[in-house]
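So you can see what is in the structure, the chains are spelled out below.
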Amino acid sequence: AYRELEARDENADGDSDRADPADVDLTADDDAREPTSTRVEFLDYEAVVDYGWSLDDDELFRKAGHADLGPDAHGRLLVHPDESLLEAAERSGFSWPFSCRGGACANCAVYLAAGKLSQPTDHIMPEDLAERGFRLSCNGYPLSDELSVVFNVKQRAELDDLILPPGPFTRR
């Protein structure tokens, strides 16, 4: 539909009979494909610490697969289209840490080991940490078919200043 509108704009000759952009059928694009769910392999950062592993280890998820970890510490889940990573974890019955749900803290931070996860422009995560692979699960939406993430990384020292205290927000 966007290509059709662009072509119309390029061929404009002052003709007032052109279709209104609101009348273009956005469902008629031959290149459009149905959004699919994203497969996510996850690992709890506490297991990384307990086993003495490193986030930089290319074999991290293979090691986790061979360790005797419970289903809450290592497993898989599906993220449906238009669902954040945190929402998918909760829908799947997991209790991943969070606080604000709006990108204003790093309580829900994850380490992105593989794949692509969106990060909106309005968030608290500093650019240097984002470049190192840290993302927020509350407003991170998958951009690839598969992800590998380490959740519960809020206890890492570089995230200390970005964490809110536990507990619900209350008015005084």
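Above this text you will find the structure in question.
Numbers given to residues run from 1 along each chain, matching the order in which its sequence is written. Residue-level local features of this predicted model are given only where pLDDT is at least 70; pairs of side-chain atoms are given and counted only at 80 or more, and the full residue set underlies all totals for whole chains, interfaces and linings. Hydrogens and water molecules were not included; the side-chain quantities draw on all heavy atoms of the structure.

Participant: Help me out: how do you make sense of the overall build of the protein chain in this one?
Facilitator: Secondary structure counts use DSSP, requiring at least four H or I residues in a row for a helix and at least two E residues in a row for a strand, with both numbered from the N terminus. Secondary structure assignment for the protein chain yields 5 helices and 5 strands. Reading the secondary structure of the protein chain in the N-to-C direction produces α-β-α-α-β-α-β-α-β-β. For each residue, the accessible area found with a 1.4 Å probe, counting protein chains only, is set against the maximum for its type, and the residue is called buried under 20%, exposed over 50%, and partly exposed in between. Every one of the 172 residues in the protein chain was classed for burial, and the buried ones make up 39%. Contacts in the protein chain between residues at least 24 apart in sequence constitute 64% of all its contacts with a sequence separation of at least 6. In these tables, accessible area is a Shrake-Rupley quantity obtained with a 1.4 Å probe, and a residue counts as shielded only by the protein chains included in the view. For the protein chain, the accessible area works out to roughly 10,900 Å², and carbon and sulfur atoms hold 45% of it. It only takes one pair of heavy atoms within 4.5 Å for two residues to be counted as in contact.

Participant: Just to check I follow, could you spell out the nonpolar core for this structure?
Facilitator: Throughout this description, the term nonpolar core refers to a set of buried Ala, Val, Leu, Ile, Met, Phe, Trp, Tyr and Cys residues connected via side-chain atoms within 4.5 Å. Membership of the largest hydrophobic core comes to 42 residues, with the highest contact counts inside it found for L43, L77, W96, V149, V150 and L159. Contact partners of V150, with chain neighbours within four places excluded, come to L43, D44, Y45, V48, L55, L60, F61, V110 and Y111.

Participant: Explain the sheet that holds strand β1 (residues 38-44) to me, please; I cannot follow it from the model alone.
Facilitator: The strands making up a sheet associate through hydrogen bonds between their backbones, and the pairing can be parallel or antiparallel. Paired strands, as defined in this entry, are two strands with at least two bridges between them according to DSSP. Reading across the sheet, the 5 strands line up as β2-β1-β5-β3-β4 and stay open at both edges, with mixed pairing between neighbours. At either margin of the open sheet sits one strand with a lone partner, and together these are β2 (74-79) and β4 (134-136). For this sheet, the mean angle separating the axes of adjacent strands, direction not counted, is 35°. Where β1 meets β2, 6 bridges bridge the pair, whose relative direction is antiparallel. Note on β2: the bridge partner recorded for R39 is L78. Every angle, taken between N-to-C directions, lies between 0 and 180 degrees, and every axis is a line fitted to C-alpha atoms, over only the stretch in contact when it is a helix.

Participant: Honestly, the packing of aromatic side chains in this entry has me stumped. Any pointers?
Facilitator: Within a pair of aromatic rings, the relevant descriptors are the distance that separates the centres and the angle that separates the planes. Think of it this way: a Phe, Tyr or Trp ring, Trp meaning its six-membered ring, pairs with another when their centres are within 6.5 Å, and the plane angle makes it stacked under 30 degrees, edge-to-face over 60, tilted otherwise. For the coordinates displayed, the defined rule picks out 6 aromatic pairs. Pairing Y111 with F134 gives two aromatic rings, centres 5.6 Å apart and planes at 65°, and the pair type is edge-to-face. You can see Y111 sitting in strand β3 (residues 109-114) and its partner F134 sitting in strand β4, a full 23 residues away along the chain. Relative accessible area serves as the criterion here: at 11%, Y111 is assigned to the buried category. Taking relative accessible area as the criterion, F134 reaches 1% and is therefore assigned buried.

Participant: Could you clarify how one ought to interpret unusual backbone geometry in this entry?
Facilitator: The phi torsion of most residues other than glycine is negative, and most of the peptide bonds are trans. Positioned with a positive phi, D82 is a non-glycine residue whose angle comes to about 65°. Following the sequence through the fold, D82 ends up in the loop between β2 and α4 (85-91). The phi angle at R101 is positive, at roughly 65°, despite the residue not being glycine. Looking at where R101 falls in the secondary structure, it is placed in the loop between α4 and β3.

Participant: Got a minute to help me understand the pairing of strand β5 (residues 146-151) in this structure?
Facilitator: Side-chain positions along a regular strand alternate between the two faces of the sheet. With 5 of 6 residues buried, β5 is to be regarded as a mostly interior element. In terms of strand pairing, β1 meets β5 through 6 bridges, oriented parallel. Paired with E41 across the bridge in β5 is S148. With 4 bridges joining them, β3 and β5 adopt antiparallel strand pairing. Along β5, the bridge assignment pairs L112 with V149.

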